[in-house]
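# Tertiary structure, described
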Amino acid sequence: QVQIVESGGGLVQPGGSLRLSCAASGSIVNIKIMGWYRQAPGNERELVATATSDGNTNYADSVKGRFTISRDNAKNTIYLQMSSLKPDDSAVYYCNADIKKTRATPYRQYWGKGTLVTVSS
């Protein structure tokens, strides 16, 4: 079994900061890409940021310069440091991981249940 668990969401004022965490656990041989996605009410789920195991990162244009993704490979964990938050950043933030469970099985994507971020005064 593989579990993806996010934490760190909450209510923050515009201009504030918040740090999200996501940990993958269970039967894991390797994780290629880990990333954050978000979905606001009425919108489709969208990419926020991703990080590969060798340190390459990718960001949505809307969060560049404000959000920073980091990864701890030893802990199978990623973080999302969010700064200068705007009301438009309000959404459920989901963690995604591309995981290989055994040497014989292919990589498969796993999702967490999400953590709610609300940016409001």
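Figured I'd write up the structure that's included with this text.

Secondary structure assignment for the chain yields zero helices and 11 strands. Listed by position from the N terminus, the elements making up the chain come as β-β-β-β-β-β-β-β-β-β-β. Principal-axis analysis of the C-alpha atoms gives the chain an extent of 50 × 25 × 20 Å. Taking all 121 residues of the chain together, the buried fraction comes to 40%. Counting only contacts in the chain whose residues sit at least 6 apart along the sequence, the fraction spanning at least 24 positions is 56%. By element, 46% of the accessible surface of the chain is carried by carbon and sulfur atoms, the whole surface being about 6,600 Å². Put simply, the chain has 14 plus and 9 minus side-chain charges, and the middle of one group is 8 Å from the middle of the other.

Before going further, it helps to examine the state of the cysteines. Under the defined criterion, the tally for this structure stands at one disulfide. Between the sulfur of Cys22 and that of Cys95 lies a disulfide, 1.9 Å long from S to S. Residues Cys22 and Cys95 are joined by a disulfide whose S-S torsion is about -75°; by sign, that bridge is left-handed. Of the two residues, Cys22 sits in strand β3 (residues 18-26) while Cys95 sits in strand β9 (residues 91-100), which places them 73 residues apart along the sequence. Neither residue differs from the other here; Cys22 and Cys95 are each classed as buried.

The phi dihedral of Asn76 is positive, around 50°, even though this residue is not glycine. Assignment of secondary structure puts Asn76 in the loop between β7 (67-72) and β8 (77-82). One non-glycine residue, Ser84, adopts positive backbone phi at about 50°. Take Ser84: it is sitting in the loop between β8 and β9.

Conventions we followed
- Residues numbered from 1 in each chain as written.
- Predicted model: local features only at pLDDT ≥ 70, side-chain atom pairs only at ≥ 80, totals over all residues.
- Heavy atoms only, no water.
- Helix = DSSP H or I, 4+ residues; strand = E, 2+ residues; numbered from the N terminus.
- Buried < 20%, exposed > 50% of the residue type's maximum accessible area, 1.4 Å probe, protein only.
- Contact = heavy atoms within 4.5 Å.
- Areas by Shrake-Rupley, 256 points an atom, 1.4 Å probe, with all protein chains shown as cover.
- Lys, Arg positive; Asp, Glu negative; His and termini not counted.
- Charge placed at Lys NZ, Arg CZ, Asp CG, Glu CD.
- Disulfide = S-S within 2.5 Å.

By themselves these figures say nothing about function.
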